[in-house]
Amino acid sequence: MHTWTSATTTNAPAWNILGHAGHLISQGASRPIYFLDNPDIYSQSEFENLKKIIRYVICDDGYWQKLKGKPKTVPERQFVNLKVARAIFKSDWFLHIDTDEFLHLEQDLADLLDYLPSDVTEIRLQNFERITRPDIVTWHTGAFRVPCWDQAALSNYPDFIQPFLALGLANYYHGKSFVRNRPNLFQGIHGAIRKSEFEVIRFNMPWESGFVGHYQYSGRESFFKRFAYKRRDGEALLRHEVAQMRWIEEHKFARDDICRLGIALFEADEVEVNRYREKGLFRDIPQAYIERIENSFDTEHLGILG
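About the criteria used
Residues numbered from 1 in each chain as written. Predicted model: local features only at pLDDT ≥ 70, side-chain atom pairs only at ≥ 80, totals over all residues. Heavy atoms only, no water. Pairing = 2+ DSSP bridges. Helix = DSSP H or I, 4+ residues; strand = E, 2+ residues; numbered from the N terminus. Axes fitted to C-alpha atoms, helices over the stretch in contact; angles between N-to-C directions. Contact = heavy atoms within 4.5 Å. Core = buried A, V, L, I, M, F, W, Y, C linked by side-chain atoms within 4.5 Å. Buried < 20%, exposed > 50% of the residue type's maximum accessible area, 1.4 Å probe, protein only. Lys, Arg positive; Asp, Glu negative; His and termini not counted. Salt bridge = Lys/Arg side-chain N within 4 Å of Asp/Glu carboxyl O. Expected span 1.5 Å × (residues − 1). Arc of directions from axis to C-beta.

A. Seen up close, the sheet that holds strand S9 (residues 176–180). Overall, mixed pairing links the seven strands, which are arranged S3-S2-S1-S4-S9-S6-S12 in an open sheet. Both edges of this open sheet fall to strand S3 (55–58) and strand S12 (202–204), since each of them pairs with a single strand only. Between one strand axis and the next, the sheet turns by 20 degrees as a mean value, whatever way the strands run. Against the sheet, helix H1 (residues 14–25) touches strand S1 (4–10) and strand S2 (33–36), its axis set at about 160 degrees to S2.

Structure representation (structure tokens):
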């Protein structure tokens, strides 16, 4: 029987971690692993609740001293923590996933693995970006923006956001991967890195079979805080994300301007959603996906965060 688990570096509140982990477990994950990047924010009772369903690692000063120092940026800490997860926890496959990302599988991964050649060491999932409607009151509903390389279709996006997209997406566009736990493989945040001159044998999962939904926008206030965090702590950025950051810097990190950018990138009314769907830029969120999130979180935690 094939086993898989996930590794996540986070400073999310305990309720978010519990819902996120429950969502993964509902699809076959074996006790997801969370590296708590700011452990001081959790109470003792929250630690007690967390350990009932997840494995966690407290990333305090002592933890980083054992690892020869704390990396300055989040991606660097994620990479180190992922190596730790693969070294100390047992699982056949690992998935790196953030707490604002939600996996969707149409069939159990263990069943799929029964039919994959043993040479396959990476299963790549495409990521979609959740787009919200301005009038909804829950963060998990809306539509998905999908990657696109058709320039005619992409030209339908407003001129204002054109410089801030790549392959039609506002953040990363190269997916996330399950990576087999083998000695000759490293795992990066997005995929496998082989320790030799031989390439990784990869299976690209079709969109209809599985994907990762990226919920980087859960409201205007949280979007503003997200960029304030990037400003303070640093983050690896793709070229179009650098363009977003430069625009925000030019506007002196003003709250109203950051919210205006968030609205332009991540909010669409019903008419826009239908038009973009017709152009192949959007797709509906599967009902099963929505229901799985609703079953993983308490109702009180499904409301817009700000």
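B. Region of the structure containing the nonpolar core. The biggest cluster of nonpolar side chains holds 29 residues, and the ones touching the most others in it are Trp-4, Ile-17, Leu-103, Leu-109, Ile-123, Leu-125 and Phe-178. Contributing elements (two or more residues each) for this core: H1, S2, helix H2 (44–50), strand S4 (93–96), strand S5 (101–105), helix H5 (109–113) and strand S6 (122–125). In terms of residue count, H1 provides more of this core than any other element does, four residues in total. Ignoring any residue separated from it by four or fewer positions in sequence, one finds Leu-125 in contact with Leu-95, Leu-103, Leu-105, Gly-175, Lys-176, Phe-178, Met-205, Gly-210, Phe-211 and Val-212. Listed in part, the 28 residues of the second largest apolar core include Phe-224, Met-245, Val-273 and Leu-281.

C. Highlighting the side chain of Arg-86. Mapped onto the elements of the fold, Arg-86 is located in helix H4 (residues 74–88). For the buried residue Arg-86, which engages in no salt bridge, the nearest side chain bearing the opposite charge is Glu-122, 9.9 Å off. Look past the residues within four positions of Arg-86 in its chain and what remains in contact with it is Phe-94, Val-179, Arg-180, Asn-181, Arg-182, Leu-185 and Gln-187.

D. Up close: the sheet that holds strand S13 (residues 210–214). Judged by pairing direction, the sheet is mixed, and its five strands sit side by side in the order S5-S13-S7-S8-S14 without closing on themselves. Sheet topology places S5 and strand S14 (282–284) at the edges, where each strand pairs with a single neighbour. Across the sheet, the axes of successive neighbouring strands diverge by a mean angle of 35 degrees, strand direction being ignored. Inspection of the sheet shows strand S8 (residues 143–145) paired to S14 by three bridges, in the antiparallel sense. The residue bridging Ala-143 from the neighbouring strand is Asp-284, located in S14. Each of strand S7 (127–131) and S8 touches helix H9 (residues 255–266); the most contacted strand, S7, lies at about 115 degrees to it. Taken strand by strand, helix H11 (residues 287–296) contacts S5, S8 and S13, and its axis lies near 125 degrees from that of S5.

E. Spotlight on unusual backbone geometry. In this structure, Arg-31 takes a positive phi of about 40 degrees despite not being glycine. Along the chain, Arg-31 turns up in the loop between H1 and S2. Given a relative accessible area of 34%, Arg-31 falls into the partly exposed group. Backbone geometry places Lys-68, a non-glycine residue, at a positive phi of 65 degrees. With respect to the secondary-structure elements, Lys-68 resides in the loop between helix H3 (61–66) and H4. Overall, the relative accessible area of 83% leaves Lys-68 in the exposed class.

F. Examining helix H8 (residues 239–250) more closely. A rise of 1.5 Å per residue sets the reference length of H8, with its twelve residues, at 16 Å; its end C-alpha atoms lie 16 Å apart and thus fit the reference within 8%. Considered for burial, the residues of H8 that qualify are His-240, Glu-241, Gln-244, Met-245, Trp-247 and Ile-248. Buried residues of H8, seen end-on, are gathered within an arc of 160 degrees and therefore sit on one face of the element. Across from the buried face of H8, at angles greater than 90 degrees, the exposed residues are Arg-239, Arg-246 and Glu-250. Downstream of H8 by a residue or two, Lys-252 has a phi angle that is positive, lying close to 60 degrees.

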